[in-house]
2 protein chains.
Amino acid sequence: MTARTSTDAVDAGEAVTSELDEALTLASQGELGVYGAELGAGWLIGNAVNGGLLMALAGRALSVELARAGSHPDPFAVSAYYLSASTPGPASLRTEVLRTGRSVSTVQVALTQTGADGTDVERVRVLATYGDLDTVAHEVRTTAVPPDLPPPERCLRAADAPPTFLRHAAMLDRLDLRLDPATAGWATGRPSGLGQIRGWLRLADGREPDPLMLLLAADALPPVAFDLGLSGWTPTLELTVHVRARPAPGWLRIGLTTRNVAGGLLEEDAEVWDSGGRLVAQSRQLARVSAPPSGS
Amino acid sequence: MTARTSTDAVDAGEAVTSELDEALTLASQGELGVYGAELGAGWLIGNAVNGGLLMALAGRALSVELARAGSHPDPFAVSAYYLSASTPGPASLRTEVLRTGRSVSTVQVALTQTGADGTDVERVRVLATYGDLDTVAHEVRTTAVPPDLPPPERCLRAADAPPTFLRHAAMLDRLDLRLDPATAGWATGRPSGLGQIRGWLRLADGREPDPLMLLLAADALPPVAFDLGLSGWTPTLELTVHVRARPAPGWLRIGLTTRNVAGGLLEEDAEVWDSGGRLVAQSRQLARVSAPPSGS
């Protein structure tokens with residue numbers, strides 16, 4: 001991306017060919033480092049825009065801002081702290097480059113929306129380290145193994161969930177999500193109790209995965225709390241994603257686990273594997289369980 | 001803590017009885033929300049002040065700032081992004097309260113030092129969610145089990161490490177750290193290769209654990225990379241700690257694991273258990289392996 005004036009539309013002239021790229025489209029706000037976006041109702045889960053989509057949007061703004069500085073293009077580590085529920089409509093992303101180093105850069109972004117009283121209300125604050133996934137060492141030494149689940153055609157399509165469920169999960173229309181039947185018992189009132197959900201994920205319109213989509217993927221499956229029989233709203237307080245490699249095209253394989261429900265909170269770990277069998281992202285979030293559906 | 005004017009010394013009149021509390025002592029900088037601290041050479045690991053100590057110091061500043069606002073006292077989730085190596089000497093902590101909610105508050109702090117050219121150099125940027133550990137639900141449902149290791153008296157004292165090692169690890173004088181012999185083979189050139197380190201931890205001067213000390217504990221053991229035979233410098237890019245309960249007095253039991261070394265980076269997970277057998281903190285960091293000892 002070349003340098004631009006503050007009045008250019010960031011994405012002018014680029015053909016947007018997928019629902020995710022449309023959701024990640026940015027416009028200049030007339031101030032360097034500040035970008036505008038439109039949060040679509042198609043990414044709602046419950047009454048809030050999905051936290052993974054917001055992280056991907058923040059990641060896009062940081063990528064664009066760093067590209068403008070000729071710096072590092074890819075998220076390595078991204079931490080999002082969720083302050084209030086995002087709603088469909090305009091949003092503003094104010095980026096700040098904290099430090100640009102030789103191999104990594106550290107950046108921040110605040111995503112805000114205009115509240116009912118006309119003041120800015122912050123939705124998400126994000127800190128991140130960016131680097132270049134194409135220049136990292138090729139060596140891999142891993143003891144992690146991909147989640148063991150049946151092939152996609154023998155898994156349960158999220159799109160086949162009961163209409164009462166889908167009504168509150170508009171985002172599922174954007175995704176081709178196939179859940180391992182062994183970890184989908186909660187959908188029919190029989191959670192395994194093990195704290196595990198496994199599934200295949202790709203975007204419904206065929207858009208291939210990239211590092212920004214991995215930020216979405218880390219928070220795209222049903223909450224792992226469901227598999228413990230905790231079926232309420234589980235708002236995320238904090239989500240950190242490590243992007244460990246550029247994903248190969250095709251299905252992503254995702255495993256969620258939790259080990260510790262305590263004090264009304266639980267951790268949810270996600271591992272995202274690409275079609276080449278590489279662990280491409282690891283994430284952990286701290287979420288509330290059994291909380292009321294709004295506010296904090 | 002009661003309201004104070006901006007010229008008060010934050011810790012005036014409080015008896016500081018431990019090395020950790022001395023390291024976490026704050027002074028007013030004459031501006032509301034900004035605190036001064038002195039980074040002690042006693043907390044060095046290699047050429048940098050330990051990242052866990054910096055996180056505890058950031059956590060202290062956030063606790064003080066929130067107490068001033070009559071808000072939440074305890075860290076629930078804390079993410080630190082390390083921008084440059086901290087050195088012994090004065091540091092400044094600029095806090096910002098992003099949102100105060102009913103049950104949690106979201107806060108930020110930037111820790112800076114004055115560089116050789118007289119300008120401010122940021123060392124660490126921290127985002128955090130604070131709450132009140134005394135008011136959370138008592139229910140615990142966990143499948144996690146404490147690390148299995150011999151009692152402290154049958155573990156290896158870090159203080160007995162070779163002088164060539166201790167010379168570069170001043171912080172170990174502040175700690176009573178006992179390592180499981182089964183995961184300390186790296187100290188004599190025989191790493192297990194499993195990516196595990198287990199140990200007992202308490203402060204050498206007997207100061208009991210509290211939530212701030214848990215932030216230190218999450219980054220106080222030797223790097224788990226050592227157990228993979230990666231003995232070089234492993235600077236942390238990002239460290240997130242979830243504090244899940246107020247720890248009971250006595251020994252902490254800590255298990256470190258890593259599963260994925262790739263692209264010159266690895267994740268290090270820590271679980272911290274208290275003497276009552278409760279999982280009181282969970283952390284993950286992204287660190288570099290085999291990098292040169294300074295700069296990025």
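From a predicted model like this one, the values you see are computed outputs, not experimental measurements.

## A few points about the packing of aromatic side chains
All names here are of chain A. All told, the structure shown has 4 aromatic pairs over all chains when counted by the stated rule. When the ring of Trp-186 is compared with that of Phe-226, the centres are 5.0 Å apart and the planes differ by 55 degrees; the resulting orientation is tilted. With Trp-186 in the loop between strand S11 (175-179) and strand S12 (196-203) and Phe-226 in the loop between helix H4 (211-217) and strand S13 (236-243), this residue pair connects regions lying 40 residues apart in the sequence. Residue class for Trp-186 comes out buried when judged on its relative accessible area of 15%. For Phe-226, a relative accessible area of 12% puts it in the buried group.

## Quick notes on the interface of chain A and chain B
At the junction of the two partners, chain A supplies 59 residues and chain B supplies 60 residues. Both sides of the chain A and chain B interface together cover about 5000 Å² of buried area, and 48% of this is carbon and sulfur. Arg-284 of chain B is paired through a salt bridge with Asp-269 of chain A; the nearest N and O atoms lie 3.7 Å apart. Along the contact surface separating chain A from chain B lie 39 residue pairs in polar contact (both at pLDDT 80 or more). By residue number, the principal contributor to the side of chain A that touches chain B is strand S17 (residues 279-288) of chain A, which donates 7 residues. Here the residues of the side of chain A that touches chain B are counted per class, giving 24 nonpolar, 19 polar and 16 charged.

## Side note on the environment of Ser-192 of chain B
Residue and element names in this part refer to chain B. Within the element layout of this structure, Ser-192 appears in the loop between strand S11 (175-179) and strand S12 (196-203). C-alpha separation for the pair Ser-192 and Leu-228, spaced 36 residues apart in sequence, amounts to 6.8 Å. Among the polar contacts listed, one links the side chain of Ser-192 to the backbone nitrogen of Leu-194, at a separation of 3.0 Å. Within the local environment of Ser-192, its side chain forms a polar contact with the side chain of Asp-227, the two groups lying 2.6 Å apart.

## Remarks on the pairing of strand S8 (residues 120-131) of chain B
All names here are of chain B. The element S8 is largely enclosed, with a buried count of 10 among its 12 residues. Relative to S8, strand S5 (residues 74-82) runs antiparallel, the two being bridged by 8 bridges. Bridging across to S8, Val-78 finds its partner in Ala-128. Linking two consecutive strands that pair antiparallel, namely strand S7 (residues 105-114) and S8, is a turn of 5 residues; a positive phi of about 85 degrees is found at Gly-118 within it.

## Section: the relation of the copies chain A and chain B
Once chain A has been moved 0.0 Å along the axis and rotated by 180 degrees, it coincides with chain B to within an RMSD of 0.0 Å. Here the transformation between the copies is reduced to the relation of a two-fold axis. Both copies contact each other with a shared surface, as 100% of the interface residues of chain A are interface residues in chain B too.

## Some points on the environment of Asp-74 of chain A
All names here are of chain A. Mapped onto the elements, Asp-74 comes out in strand S5 (residues 74-82). When its relative accessible area of 6% is taken as the criterion, Asp-74 is described as buried. In sequence terms Asp-74 and Leu-221 are 147 residues apart; their C-alpha atoms lie 23 Å from each other. Ignoring any residue separated from it by four or fewer positions in sequence, one finds Asp-74 in contact with Thr-129, Tyr-130, Gly-131, Asp-132, Leu-133, Asp-134, Pro-211 and Arg-246.

## Looking at empty space enclosed by the protein
In this structure the tally under the stated criterion is 1 cavity of 30 Å³ or more. If you trace the largest cavity, you find it lined by Glu-238, Thr-240, His-242 and Arg-284 of chain A together with Glu-238, Thr-240, His-242, Gln-282, Ser-283 and Arg-284 of chain B. Only S13 of chain A together with strand S13 (236-243) and strand S17 (279-288) of chain B provide two or more residues apiece to the lining of the largest cavity. In the lining of the largest cavity, the residues fall into no nonpolar, 6 polar and 4 charged.

## Considering the confidence of the model for chain A
Residues and elements named next belong to chain A. Looking at chain A, pLDDT values average 91 and 94% of them are 70 or higher. Throughout residues 1-8 the model reports pLDDT below 50, and contacts reaching past four residues in sequence, or to other chains, amount to 13 contacts. Between residues 291-296, whose pLDDT stays under 50, and residues either more than four places distant or in other chains, the model counts 11 contacts. Our summary of model confidence lists the complex with pTM equal to 0.94 and ipTM equal to 0.93.

## Overview of helix H2 (residues 51-68) of chain A
All names here are of chain A. Between the first and last C-alpha of H2 there are 26 Å, a value that for 18 residues agrees with the 26 Å anticipated at 1.5 Å per step. In terms of burial, H2 is a largely internal element, 16 of the 18 residues being buried. The opening residue of H2 is Asn-50, an N-cap whose side-chain oxygen sits 2.9 Å from the backbone nitrogen of Gly-52. Note on H2: the residue one or two positions beyond its end, Gly-70, has a positive phi of about 65 degrees.

## Points about the layout of surface pockets
Residues and elements named next belong to chain A. The space that makes up the second largest pocket amounts to roughly 1100 Å³. Residue lining of the second largest pocket: 50 residues in total, with Ile-45, Ala-48, Trp-233, Thr-234 and Pro-235 positioned closest to the centre. Broken down by secondary-structure element, the contributors of at least two residues to the lining of the second largest pocket are strand S4 (48-49), H2, helix H3 (163-166), S13, strand S16 (265-273) and S17. Residue composition of the lining of the second largest pocket, by class: 27 nonpolar, 19 polar and 4 charged.

## Observations concerning the pattern of salt bridges
Applying the stated criterion across every chain, the model contains 30 salt bridges over all chains. Between Arg-94 of chain A and Glu-31 of chain A there is a salt bridge, with the nearest N and O atoms lying 3.0 Å from each other. Placement of Arg-94 of chain A in strand S6 (residues 89-100) and of Glu-31 of chain A in the loop between strand S1 (27-28) and strand S2 (34-39) is noted, with a sequence separation of 63 residues between them. Take Glu-31 of chain A: its relative accessible area is 38%, and that puts it in the partly exposed class. One salt bridge in this structure joins Arg-68 of chain A and Glu-65 of chain A, with 2.5 Å as the shortest N-O distance. Placement of both Arg-68 of chain A and Glu-65 of chain A in helix H2 is noted, with a separation of 3 residues, approximately one turn of the helix. Salt bridges sharing common partners tie together Asp-269 and Arg-284 of chain A together with Asp-269 and Arg-284 of chain B.

Basis of the calculations
- Numbering of residues begins from 1 in every chain and follows the order in which that chain's sequence is written.
- The naming scheme follows written order: chains are lettered A onward, ligands numbered 1 onward.
- Note on the predicted model: pLDDT of at least 70 is required for a residue's local features to be given, and 80 or more for side-chain atom pairs to be given and counted; whole-chain, interface and lining totals, by contrast, use all residues.
- Each side-chain value is derived from all of the structure's non-hydrogen atoms; neither hydrogens nor water enter the calculation.
- Any Phe, Tyr or Trp ring, taking Trp's six-membered ring, that has another such ring centre within 6.5 Å forms a pair; planes under 30 degrees apart are called stacked, those over 60 apart edge-to-face, and the others tilted.
- Note on conventions: DSSP H or I runs of at least 4 residues are helices, E runs of at least 2 residues are strands, and numbering of each starts at the N terminus.
- A 1.4 Å probe rolled over the protein chains alone gives each residue an accessible area, and that area as a share of the maximum for its type sets the label: buried under 20%, exposed over 50%, partly exposed in between.
- By definition, residues are in contact when any of their heavy atoms lie within 4.5 Å.
- Buried area: the accessible area, evaluated with a 1.4 Å probe, that two parts lose upon being put together, summed over both parts.
- The term salt bridge refers to a side-chain nitrogen of Lys or Arg lying within 4 Å of a carboxyl oxygen of Asp or Glu.
- Here a polar contact is recorded for every N or O atom pair within 3.5 Å, except that within protein the pair must consist of a potential hydrogen donor and a potential acceptor, and residues adjacent in sequence are included only if both atoms are side-chain atoms.
- Residue polarity is assigned by list, with Asp, Glu, Lys and Arg as charged and Ala, Val, Leu, Ile, Met, Phe, Trp, Tyr, Cys and Pro as nonpolar; anything else, Gly included, falls into the polar class.
- Only strands that DSSP links by at least two bridges are regarded as paired with each other.
- Least squares is the method for superposing the copies, and the C-alpha atoms it fits come from residues with pLDDT of at least 70 in both.
- In the cavity and pocket records, a cavity denotes points on a 1 Å grid over the protein atoms alone where a 1.4 Å probe fits but cannot get out, a pocket denotes an open set with protein on both sides within 12 Å along at least 5 of 7 lines, and lining residues are residues with an atom within 4 Å of a point.
- Grid points are joined across faces, edges and corners, and a volume is the space filled by probe spheres set on the points.
- Values of pLDDT, ranging from 0 to 100, describe the predictor's confidence in every residue of the model.
- Every helix has an expected span of 1.5 Å times one less than the residues it contains.

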